[in-house]
Amino acid sequence: MPDVVLETASRGRVALSPEQIASLRAKVRGAVCTPGEPGYEKSRTIWNAMIDRRPGLVVCAAGAADVIEAVKLAREHGLLLSVKGGGHNIAGHSVCNGGLMLDLSAMKSVRIDPAARTARVEPGVTLGEFDREAQAFALATPLGINSTTGVAGLTLGGGFGWLSRKYGLTVDNLISADVVTADGTLVHASAKEHPDLFWAIRGGGGNFGVVTSFEYRLHPVGPEVISGLVVHPFSAARTVLPEYVRLVAQAPDELTAWVVLRKAPPLPFLPTEVHGTEVLVLAMCYAGTGEAALKAVAPLRALGTPIADVVGPHQFTAWQTALDPLLTPGARNYWKSHDFTSLSSEVVDVLLDYAGRLPSAECEVFVGNLGGAINRVPVEATAYPHRNVEFIVNVHTRWQDAALDATCVGWARGLFDAMTPHATGGVYVNFMPEDEADRTRAGAYGPSYERLTRVKKTYDASNLFCLNQNINPAA
Ligand SMILES: Cc1cc2nc3c(=O)[nH]c(=O)nc-3n(C[C@H](O)[C@H](O)[C@H](O)COP(=O)(O)OP(=O)(O)OC[C@H]3O[C@@H](n4cnc5c(N)ncnc54)[C@H](O)[C@@H]3O)c2cc1C
């Protein structure tokens, strides 16, 4: 076997001898693979097919000991290091070219303590896997809307979904985490131990170390929730969208309703003549059932004359996977995202203009409603700083054919630019594409940035963890 030549973080190269690779294999409980070996393609393949990178070496960790070995190896040789949880990040930082990829996706343990209402979750767990374990006890914590997303990256950036207006962000429900820091030490971070690190990993992304275990607070949810979709023709959007904005401002925290503007997929409950035409979809979930739930969703369901209304009691786990068919891995994707404190009629005009000329059948504009419990957390409590945001507008550009790259990316940027004068300037770190490094400091981290640089200096002064929305260590 020849030497394995790897990229370093300083754009140099280092050769590891066959003996060094054999020694690594002997130490690691999981798998070590080089290009072409079994497991390599699976590890390097991530959700966004726009990202096609080839690491020089992959360590598929089975536990914290393997993570420590990989971090020590990277540090000793100054290797370019990427860290993969669920592989969903749009920017694709979890996979590097030529360096060492630490793939955590095999670390799948979830342990629920139903009496204490807590969960211990390893970093390879997906949202769907976490939900299934917690729902065995009718418990849940706020997670995202696509069940194949990884809990690790989602949590480290903030994390929000159908339960967040009631129970806060995912990070607001994080009790503690085990973190392997840049020197290869495993530390327990919580409000009492390494509180600065605990603050930073709640929104500061993967900048501070590799999390090998997350501990979450759980809440009674399900097994059924009132949830579902209401589909309107695009011709009604000019009336329905402003009414949606008005109604969600009055909604109880239990109710979360989002809007999706897209071409109708061939859903069985939609007439065939609607398939492929532009529609406005109201997607809603009330964190409960019964009279209060039906009363809360009634005003949204009463809007206009929908093509279809499939809101009703659904298993929470089923609702959490309902949008998965639209978000399958392997497509080309480019996202742009803006935060808003309110959605003015000017923004509505822009959204409807661009949604009326979608560049592919799979593109969508998505309006997420936040607020509620998320915004009652003081801005300085966690590194996630966007505690005044009521709406996130995401431009989800998605297509299959590389020949459409320029058209789709251009459309997304055009919509983004048209919204910019009305937005806060902030952006959720987990929605940033790889070409937005200029938004990292002020947009993603904002008022948290200076403190983040100090924590970075304490735990990763050499910036070993640089493949992320990167924070420079304080001078
Ligand atoms: C289809 C889709 C739907 C989404 N919906 C939502 C949503 O509803 N709500 C929401 O909040 N977000 C949502 N997101 C965004 C999601 O939160 C981010 O993509 C997130 O980064 C995914 O985490 P991951 O572990 O799958 O990603 P990865 O790409 O594996 O990881 C992202 C980054 O996190 C860091 N990282 C990962 N694991 C670790 C670890 N154990 N320790 C240290 N650093 C680590 C690394 O820097 C890595 O580059 C969605 C994304 C997609 C693609």
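Scroll up to find the structure this text is about.
Residues numbered from 1 in each chain as written. Predicted model: local features only at pLDDT ≥ 70, side-chain atom pairs only at ≥ 80, totals over all residues. Heavy atoms only, no water.

(A) Here's a closer look at helix α3 (residues 64–77). Under the 1.5 Å per step criterion, the end-to-end length of α3 is 20 Å for 14 residues, consistent within 8% with the ideal 20 Å. Downstream of α3 by a residue or two, Gly 78 has a phi angle that is positive, lying close to 65°. (Helix = DSSP H or I, 4+ residues; strand = E, 2+ residues; numbered from the N terminus. Expected span 1.5 Å × (residues − 1).)

(B) Just the side chain of Arg 398, in detail. Inspection of the secondary structure assignment puts Arg 398 in strand β21 (residues 391–399). For Arg 398, the side chain forms a polar contact with the main-chain oxygen of Leu 326, separated by 3.4 Å. Beyond its immediate stretch of four places on either side in the chain, Arg 398 contacts Trp 47, Leu 326, Leu 327, Thr 328, Ala 331, Arg 332, Asn 333, Ser 360, Glu 362 and Cys 363. (Polar contact = N/O pair within 3.5 Å; in protein donor to acceptor, adjacent residues only side chain to side chain. Contact = heavy atoms within 4.5 Å.)

(C) Layout of the sheet that holds strand β3 (residues 31–33). Taken together, four strands build an open sheet; the order of strands is β3-β4-β6-β5 and the sheet is mixed. Whereas interior strands pair on both sides, the edge strands pair on one side only; in this sheet they are β3 and β5 (81–84). Sheet twist, expressed as the average angle between the axes of neighbouring strands with direction ignored, equals 15°. The sheet contact formed by strand β4 (residues 57–60) and strand β6 (residues 100–103) spans four bridges and is parallel. Residue Val 59 lies in a different strand from β6, and its bridge partner there is Leu 102. Packed onto the sheet, α3 meets β4, β5 and β6 and runs at close to 165° relative to β6. (Pairing = 2+ DSSP bridges. Axes fitted to C-alpha atoms, helices over the stretch in contact; angles between N-to-C directions.)

(D) Spatial organisation of the site of the ligand. As a matter of local geometry, the ligand sits amid 34 residues, with Gly 85, Gly 86, Gly 87, Phe 160 and Tyr 428 nearest to it. Here an oxygen atom of the ligand sits 2.8 Å away from a polar atom, N or O, in the side chain of Asn 89. The contact in question runs from an oxygen atom of the ligand to an N or O atom on the backbone of Ile 145, over 3.0 Å. Where the shell around the ligand is concerned, the elements lending two or more residues are β5, α5 (151–157) and β12 (210–217). Here the shell around the ligand is built from residues that sort into 16 nonpolar, 17 polar and one charged. (Near = heavy atom within 4 Å. Nonpolar A, V, L, I, M, F, W, Y, C, P; charged D, E, K, R; others polar.)

(E) Main features of the pattern of salt bridges. Throughout the structure, instances matching the rule amount to 25 salt bridges. Between Glu 243 and Arg 246 there is a salt bridge, with the nearest N and O atoms lying 2.8 Å from each other. In this pair, Glu 243 and Arg 246 both sit in helix α8 (residues 237–248), three residues apart, roughly one turn of the helix. Here Arg 262 makes a salt bridge to Glu 364, at a shortest N to O gap of 2.8 Å. Of this pair, Arg 262 sits in strand β15 (residues 255–263) while Glu 364 sits in strand β20 (residues 364–369), and the two are 102 residues apart along the sequence. With respect to burial, Arg 262 and Glu 364 carry one shared label: buried. The structure contains a network of salt bridges with shared partners spanning Glu 41, Arg 44, Asp 52 and Arg 54. (Salt bridge = Lys/Arg side-chain N within 4 Å of Asp/Glu carboxyl O. Buried < 20%, exposed > 50% of the residue type's maximum accessible area, 1.4 Å probe, protein only.)

(F) Layout of the pairing of strand β14 (residues 224–233). Burial within β14 is extensive, with eight of its ten residues counted as buried. Bridge count between β14 and strand β18 (residues 312–315): four bridges; the pairing is antiparallel. Within β18, the residue paired with Glu 224 across the bridge is Gln 315. Bridging between β14 and strand β16 (residues 278–286) involves eight bridges; their strand directions are antiparallel. Within β16, the position partnered with Ile 226 by the bridge is Tyr 286. Here β14 runs beside strand β17 (residues 308–309); their pairing, made up of two bridges, is antiparallel. Paired with Val 231 across the strands is Ala 308, a residue of β17.

(G) Representation of the packing of α8 against helix α11 (residues 345–355) within the structure. One can describe the packing of α8 onto α11 by two numbers: an axis separation of 11 Å at closest approach and a directional angle of 135°. By the angle class used here, α8 and α11 are oblique. Like other packed secondary-structure pairs, α8 and α11 cross with a definite hand, here right-handed. Contacts between α8 and α11 involve Ala 237, Arg 238, Leu 241 and Pro 242 from the former and Val 348, Asp 349, Leu 351 and Leu 352 from the latter. (Parallel < 35°, antiparallel > 145°, perpendicular 65-115°, else oblique. Left-handed = near helix turned anticlockwise from the far one by under 90°.)

(H) Structural detail: the packing of aromatic side chains. Under the criterion given, the structure shown has 15 aromatic pairs. Here the aromatic rings of Phe 160 and Phe 431 are separated by 5.8 Å at their centres, their planes lie at 75°, and the arrangement is edge-to-face. Pair noted here: Phe 160 is in the loop between α5 and α6 (164–167) and Phe 431 is in the loop between α12 (405–419) and α13 (440–445), with a separation of 271 residues, a long-range link. A single burial state applies to Phe 160 and to Phe 431, both of which are buried. Grouping aromatic residues by their ring pairs yields a cluster made of Trp 47, Phe 160, Trp 162, Trp 258, Trp 319, Trp 335, Phe 366, Tyr 384, Tyr 428 and Phe 431. For the cation-ring pair, Arg 202 lies above Phe 198, with the distance from its terminal atom to the ring centre recorded as 3.9 Å. Here the guanidinium or amino end of Lys 336 rests over the ring plane of Phe 416, the centre of that ring lying 4.4 Å away. (Phe/Tyr/Trp six-rings, centres within 6.5 Å; stacked < 30°, edge-to-face > 60°. Lys NZ or Arg CZ within 6 Å of the ring centre and 35° of its normal.)

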